[in-house]
Each structure stands twice: as structure tokens, then as C-alpha cells.
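Summary of structural features
Here is what each chain is made of, one letter per residue.
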Amino acid sequence: MSLLLAVEAPGWLRATHALSILFLTLVARSGVEILSSFPKLYGSDHCTPGSELLQLTRRPLPEGRLWTGLEEEESWSPWLALPGRTNLGLGRHWHFASVLAWITTGLTYIVLLLASGEWRRLVPTSLAVFSDAWTTVVAYLSLELPPPGDPYNGAQQLAYFGVVFGLAPLAIATGAAMSPAVAGRFPRFLSLFGGRQRARTLHFGCLIAFVGFTCVHTALVVVHGLPEGLAAILLGSTESSHRDAILLGVLGLAVIVAVNLAATAGSLGRPVLVRRLLDAIGEPVQRLLARTLASQQRGYTTADISPYLRINGYPPAGDDYAAMISNGFRAWRLDVGGLVERPLSLDLDELRALERVELITKHNCIQGWSGVAAWAGVPLAQVLELCGVRPAARFVVFRALDDKAETGVGAEPREGRFYGSILLEVALQPQSILAYEFNGLPLPPERGAPLRLRLENQLGFKMVKWIDRIELVADLREIGRGRGGWKEDHVHFGSTAAV
Ligand SMILES: Nc1nc2c(c(=O)[nH]1)N[C@H]1C(S)=C(S)[C@@H](COP(=O)(O)O)O[C@H]1N2
Ligand SMILES: [Mo]
């Protein structure tokens, strides 16, 4: 009987192997949750409806009326997605926390692999590995066991090497490329993958490859002799007690299932608590990225503008907003207050008289869709300079005119005025603007007329539309439910959205 696993497996190798299985189940399931929010894959960053490469939804788009991206969201089962049932916010918290744990485990493994000389198991050192792999695959396909390797046969060595040094780094890189802060600061990195949507499609391909590898790998361990395989990878040697190995294997599986069940049930039952725990890991990383990676999007021209940019958020309902539209927003004013030296009240003409910035940039919605558009407006930094920010201020809060009790769609709770907040440092970045023009025309109502935020290193939900008031504050706890914004309060999005 040939052995699939090395006869001797050191403790650190067994521990990192076990932990990476656990973390990968969480990473994969929360990734599926994120996908459920926009279950469509594209080859181009325009995400033009109708040009999908793959669609995991049957629902047609609404026709003959204004529709929003949130109406494309699907609710998937908690047995598959973590946590399931349209919980993109919590799914993202799980994805980033478990991905950090998985990467830490993987790095530990690789460092020890290189330091211990065990890398020789994994890294092919001669071209003979290819012919050996071929012989091995032919043997498997003719339902025979290939001759034993030392410790692995060619096909095993290539597969393990490919997963550790090819697939895992690709999954991490394509994930990072989807971060608006990373893509905004390092546009060339995004081009490496042919854009955000190709990175996203590749990232999904990585999930399929991981699942495929896991199935084949497990099947081959069974074919080669499960008890011996388990003894080697759990207890360190094929000579170890097979009975103990099987018991430990069953126990390990039970732990993985229990952790997944607890993660799902906890997230659905106590979302605020779970979110707070996971935020302790994710939020500091997000803030660091948001502060240090200011967007430098520069490469786009009018030729890059998307034929159709999706919309999220329905315009304010009711007569007040309709009246504002019909009198050309002459009655509208932007109030700026809070921790400022000079409170301001500006109308549109006064805002237009300030410095004007024009941007052609890529918008990244938290759901996953993207698109390029041209924006014009006044740098937030200039408005903040006009009002004089007091030293105690740390956040900028933006109040909007839309009330979700009237405009909510899909899984959105039907309550509360929309608002958002950003770190003062993000507000001061050069591409953070208060936009009053979209693709060369005054902002249309559905885009946030008369004034909306553009923050090119953040996800779309941070870019509050229909703004009528800005406040500088030292602390977010007193505002709304105290989590930083309407999306943060009601659907558990993280309050900094650099990733
Ligand atoms: N006031 C308000 N602003 C909002 C929203 C909203 O619902 N209300 N949705 C946000 C989301 S999720 C996104 S992706 C962007 C979409 O901007 P767009 O409609 O111009 O594409 O607006 C953001 N700003
Ligand atoms: Mo969004």
C-alpha cells in the first residue's frame, strides 16, 4: 500500500493543516455570503446588465422603472452561506476576520516549512516531477494505485505545491485587488488582473479550485487508506494508533462543524455582539488602510465612462424633495456645524463658486458591482477649511434627506434617515469631494441631487447622497445607534470601508 502522506509529519505541520481547514470553511462560507449580495460575474468593470459571464440568480431585472443594485441581492441558506439570509455586513466581518486568521496560519506554515527543510516535500526540484505526475494520473484514471512517492508522488507534489504557492497567493491577491483603497492607491495592481470584475471572477474561480482540490484530496486519502492517512496527518506517523487517529479525526470534524454552527447561529441571533467582536480585529486594519491609502485614480478618460452605472438608494420620497427639484434646489442649503469655528450655511451657487475638482473614477459598491463615471464638485478639504475644524474633531458626519421608512428596498429595514460618517483624515484626502455634477450634467435626483459625497478609497455606501448637513464630531456614539452610519446601524456594515 502506498502512502499518501509523509510517514513523519511534525507537530507544527499537523497543527497548521488542521487550523487551515477550519479557517477555510469560514472563509469560503462567508465568501459565498458576500457573493449572494451580487450573484453575477462580469469580465468588464462596467458590469453592464446583460453582459454577465455567470449568473447565480434567476430573478430578472425590473423593467420600465428605476431599480437599484440592492434589488439584485439574493438570500441564501445559512446552511451554505455564513451567516445567510441577506447578511452581507456580517458576512464581510467573518470573511476578513477568518481570512486574517487563515493568512497568519499559512505564513506560519511557510516560514516553518522553509526553516525546517521540510519544503523539500513540496517544492519540485527536478523536471522529472512532470513525467512522474503523468504516470500517477494515468494510474489513478485506470483505477490503480500509483507507485509510492518519496514522500509524495509527482501528482501530489505538484498539486500541493500549486495550492500553497499558486492558488492561495492568487486568492489573496485577487481579494486584495477588490479593495477600493488598494485599487485606488495602486491602480497598476488592479490592472494586473484586468480590472476589478476579472479579479472578482478569478477570486470566485479560486473558491471553486479550493473546493475541487479538497474533494479530490480527501477522496485520494480515502483511496490510499484513510486510517493510515489520518494517523500521519493527525498523530504524526502512519505507525501511530489507527483507532486514535480515527477518533481524533471525527472529533476534529465535529469541532469544525460546531464552530461553523456557532458562527452562523451567533450571527443571526446576536448580530450586534458578533459584529463588535469581529470589528475588534477588522476595524483597526480598515482604518489604517483608509488613512494611509489615499486614492490616486488618474488613468481614466471620458472613453472609459460606463454606459450604465448602477444606482443604490432610492431618492427621497415626498413633497419636500419634489418641491426642491421643481425650484432647481434654490431653497436647499448645506449646513456645516458641530466642532467648527464658523458654522456655515451655503447654497448651490456658493458651493459652485468654490474650488472645482473634476474626477473620472471607478465606483465600487459593497455588493461587488463597479462602474466608471465623471464627477465634479468642491474638495471637502476646502469646505472644512472655510468652517475651521476644531482640534477635538475626529469624524465628519453627513446627514441625508432620504428616510428609509419611505425609500427602503429589499432586505433594508424600513426605518430612519440615512446618514454616514468618515474619518477626518479621509475627508481631507484630495479625491474626497462634495459632487454636484455627474457625467457633465448637474447631479440627477437618483444620483443624490443636489449634493453627494465622492470618496475614492471607500466603498459606495460611504458616499452619502442627498446631503443637507455636515457635522464635525469627536465621537460617533451619540449619533444614530452610535455605529457610524445608517448602514452600520441597520445592516452591520463596518464603519470604515477601505476593503
Ligand atoms: N442618502 C443615501 N446615500 C447613499 C445610499 C443611500 O441609500 N442613501 N446608498 C449608497 C450606496 S450603497 C451606494 S453603492 C452609492 C450609489 O451611488 P449611485 O446611486 O450614484 O451609483 O450611494 C450610496 N449613498
Ligand atoms: Mo453600495
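Now for a look at the structure at hand. Keep in mind that what you see is a predicted model, and the values were worked out from it rather than measured.

Criteria and thresholds
- Residues numbered from 1 in each chain as written.
- Chains lettered and ligands numbered in written order.
- Predicted model: local features only at pLDDT ≥ 70, side-chain atom pairs only at ≥ 80, totals over all residues.
- Heavy atoms only, no water.
- Phe/Tyr/Trp six-rings, centres within 6.5 Å; stacked < 30°, edge-to-face > 60°.
- Helix = DSSP H or I, 4+ residues; strand = E, 2+ residues; numbered from the N terminus.
- Buried < 20%, exposed > 50% of the residue type's maximum accessible area, 1.4 Å probe, protein only.
- Lys NZ or Arg CZ within 6 Å of the ring centre and 35° of its normal.
- Near = heavy atom within 4 Å.
- Polar contact = N/O pair within 3.5 Å; in protein donor to acceptor, adjacent residues only side chain to side chain.
- Areas by Shrake-Rupley, 256 points an atom, 1.4 Å probe, with all protein chains shown as cover.
- 1 Å grid on protein atoms, 1.4 Å probe; cavity = no way out; pocket = protein on both sides within 12 Å on 5 of 7 lines; lining within 4 Å.
- Sits in = over half its atoms within 2 Å of the grid points.
- Nonpolar A, V, L, I, M, F, W, Y, C, P; charged D, E, K, R; others polar.
- Pairing = 2+ DSSP bridges.
- Axes fitted to C-alpha atoms, helices over the stretch in contact; angles between N-to-C directions.
- Salt bridge = Lys/Arg side-chain N within 4 Å of Asp/Glu carboxyl O.

1. Side note on the packing of aromatic side chains
Following the criterion strictly, the structure yields 12 aromatic pairs and no others. Ring geometry for W102 against F210: centres 5.9 Å apart, planes inclined by 80°, an arrangement best described as edge-to-face. Of this pair, W102 sits in helix α2 (residues 88-116) while F210 sits in helix α8 (residues 196-235), and the two are 108 residues apart along the sequence. Relative accessible area serves as the criterion here: at 11%, F210 is assigned to the buried category. Taken together, the ring pairs in this structure connect Y152, Y160 and F213 into an aromatic cluster. Across from the ring centre of Y419, 5.6 Å away, lies the NZ or CZ of R399, which sits over that ring. Just above the ring of W486 sits the side chain of K404; from NZ or CZ to the centre is 5.5 Å.

2. Details of the site of ligand 1
Ligand 1 sits among 19 residues. The nearest are R310, D402, K404, M463 and K465. The contact in question runs from an oxygen atom of ligand 1 to an N or O atom on the backbone of R310, over 2.7 Å. About the coverage of ligand 1: the protein hides 99% of its 540 Å² of free accessible area. Mapping ligand 1 onto the cavity grids shows that it belongs to the largest cavity. Residue classes in the shell around ligand 1 are distributed as nine nonpolar, four polar and six charged.

3. A few points about the sheet that holds strand β3 (residues 334-338)
Pairing is mixed across the open sheet formed by five strands, whose spatial order is β4-β3-β12-β7-β8. The sheet is open, and its two edges are formed by β4 (344-346) and β8 (417-423), each paired on a single side. Averaged over all neighbouring strand pairs, the angle between strand axes comes to 20°, with direction disregarded. The pairing of strand β7 (residues 395-403) with strand β12 (residues 467-473) spans six bridges and is antiparallel.

4. Concerning the pattern of salt bridges
On inspection of all chains with the given rule, the structure shows 23 salt bridges. The residue D45 makes a salt bridge to K362 at a minimum N-O spacing of 2.4 Å. Taken together, the residues span a long stretch of sequence, with D45 in the loop between β1 (40-41) and β2 (54-55) and K362 in strand β5 (residues 357-364) at a distance of 317 residues. When the shortest N-O distance is used, the salt bridge between R469 and E471 registers 2.9 Å. Of the residues examined, R469 reaches a relative accessible area of 29% and is grouped as partly exposed.

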